[in-house]
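Chains, contacts and geometry: an overview
Each chain, letter by letter, is given below.
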Amino acid sequence: MTDAWSDHDVTALRAACHAADSRALVALLRTRDAEPVLQQCGDVLTAAVVRGVPAAVETAVRCLAALRVRNGEGDEVLADQLDAAIGGATPFLRPLPVDLEELSGLLEGDPAWGGGWVDLNTGECRPATADFGEPWGEGEPEDTGRRLHVACARSHAAYRDMEDFIAALDDRSLADALGATITGRGAFRRFKDALAVSPTEQRRYWLFSAERRHGRARTWLADHGYRPTPRAGSGRARSTPHTPGRPS
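These notes cover the structure that comes with them. (Residues numbered from 1 in each chain as written. Predicted model: local features only at pLDDT ≥ 70, side-chain atom pairs only at ≥ 80, totals over all residues. Heavy atoms only, no water.)

1. Observations regarding the overall build of the chain
Summing up its helical and strand segments, the chain has ten helices and five strands in all. Per-residue burial over the chain gives 45% buried out of 248 residues. If you take every contact in the chain between residues at least 6 apart in sequence, the share linking residues at least 24 apart comes to 68%. Within the structure as shown, the chain displays about 12300 Å² of accessible surface, and the carbon and sulfur contribution to it stands at 52%. (Helix = DSSP H or I, 4+ residues; strand = E, 2+ residues; numbered from the N terminus. Buried < 20%, exposed > 50% of the residue type's maximum accessible area, 1.4 Å probe, protein only. Contact = heavy atoms within 4.5 Å. Areas by Shrake-Rupley, 256 points an atom, 1.4 Å probe, with all protein chains shown as cover.)

Right, dumping it as structure tokens:
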């Protein structure tokens, strides 16, 4: 597994992505192993290439190669996006300023809340309980030109993330301890409690989990014909970035 980023590094990364600060992001990626954060920074890096930010192409080529090797869910979609930007081509997918972390929350959040919608004009993600100001008509198609319905996919993928993280651990005693926590009800809580004994692995897991969630959200969006783009400067409030070491 790759070396964990420090809390300071992760905070700087998320600040750069939140502000769509292409220069700051490229500067950070040039000094760190980008593999743990490829999905999280891919869209701002794409924008950096398009804008001609110094060293952006070189950084994007390195990230593109890492995506092809890793080949996780959503990696091929992002790799194709970076490849198009590097080559000066226009991506086939339609741009939408949607936050993948917010979209992931609708896709993989509490099933009791029932997913939600993505506003196709603004990219805003709304839970099913939110009031859009007008009723959703019975039998109305999911993609109405105004919003895209998001069904909650439950927790199966998140459970596989825990299994895969455990399988990749070098510390077998920790792996055994974590493996014993994920059977039966309450597995997520027990896993998080057991992981807290190792802050380094805890930070590594939150990055690993975030990459997986972003990749699944990216795949879902691509399946509906869209690709995420940075939306900083839109004047709309965004959710607070996830704090390293704590669940989102």
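2. Here we look at helix α9 (residues 187-195)
Listing the buried residues of α9 in full gives A187, F191 and L195. An end-on view of α9 places all buried positions within 60° of arc, on one side of the element. Buried positions along α9 lie against α7 (156-168), α8 (172-179) and α10 (199-223). (Arc of directions from axis to C-beta.)

3. Topic: the pattern of salt bridges
This model, assessed by the stated rule, comprises 16 salt bridges. Notably, a salt bridge pairs R68 with D80, separated by 3.1 Å at the nearest N-O pair. With R68 in helix α4 (residues 56-70) and D80 in helix α5 (residues 75-87), this residue pair connects regions lying twelve residues apart in the sequence. What makes R68 partly exposed here is its relative accessible area of 40%. Classification of D80 as partly exposed rests on a relative accessible area of 39%. Here R212 ties to D164 by a salt bridge, and the two come within 3.0 Å at their closest N and O atoms. Here D164 lies in helix α7 and R212 lies in helix α10, a separation of 48 residues in the sequence. D164 gets classed as partly exposed once you look at its relative accessible area, which sits at 36%. (Salt bridge = Lys/Arg side-chain N within 4 Å of Asp/Glu carboxyl O.)

4. Description of the sheet that holds strand β2 (residues 116-119)
The three strands are arranged β3-β2-β4 in an open sheet whose pairing can be described as antiparallel. Each edge of the open sheet carries a strand with a single partner, namely β3 (125-127) and β4 (147-150). Averaged over all pairs of adjacent strands, the angle between strand axes in this sheet comes to 25°, irrespective of strand direction. Both β2 and β4 contribute to a ladder of four bridges, which runs antiparallel. Counterpart to W117 in the pairing with β4 is H149. With respect to the sheet, helix α6 (residues 100-108) is in contact with β2, β3 and β4, its orientation differing from that of β3 by roughly 30°. (Pairing = 2+ DSSP bridges. Axes fitted to C-alpha atoms, helices over the stretch in contact; angles between N-to-C directions.)

5. Looking at the nonpolar core
Within the largest apolar cluster, 28 residues are counted, with the highest numbers of intra-cluster contacts made by W5, L13, L25, L29 and L45. Those elements that provide at least two residues to this core are α1 (7-18), α2 (22-29), α3 (38-51), α4 and α5. Not counting chain neighbours up to four residues away, the residues in contact with L25 comprise L13, A16, C17, C41, V44 and L45. Membership of the second largest hydrophobic core comes to 15 residues, among which are L120, L148, V150 and W220. (Core = buried A, V, L, I, M, F, W, Y, C linked by side-chain atoms within 4.5 Å.)

6. What to know about the environment of L82
Within the fold, L82 resides in helix α5. Residue classification places L82 among the buried residues on the basis of a relative accessible area of 1%. Between the alpha carbons of L82 and V57 there is a distance of 9.2 Å; along the sequence they are 25 residues apart. The residues touching L82, leaving out its near neighbours within four places in the chain, are G42, L45, T46, A60, C63, L64 and L67.

7. Here's the deal with the environment of P54
Considering the arrangement of structural elements, one finds P54 in the loop between α3 and α4. A sequence separation of 32 residues divides P54 from S22, and the C-alpha atoms of the two residues are 9.7 Å apart. Excluding residues that lie within four positions of it along the chain, P54 makes contacts with R23 and V26.

8. Quick word on the packing of α3 against α4
With their axes 10 Å apart at the nearest point, α3 and α4 run at an angle of 145° to one another. For the crossing formed where α3 meets α4, the hand is left-handed. Listed contacts from α4 to L38, Q39, L45, A48 and V49 of α3 are A56, V57, T59, A60, C63, A66, L67 and R70. In terms of residue class, the contact of α3 with α4 is made up of ten nonpolar, two polar and one charged. (Left-handed = near helix turned anticlockwise from the far one by under 90°. Nonpolar A, V, L, I, M, F, W, Y, C, P; charged D, E, K, R; others polar.)

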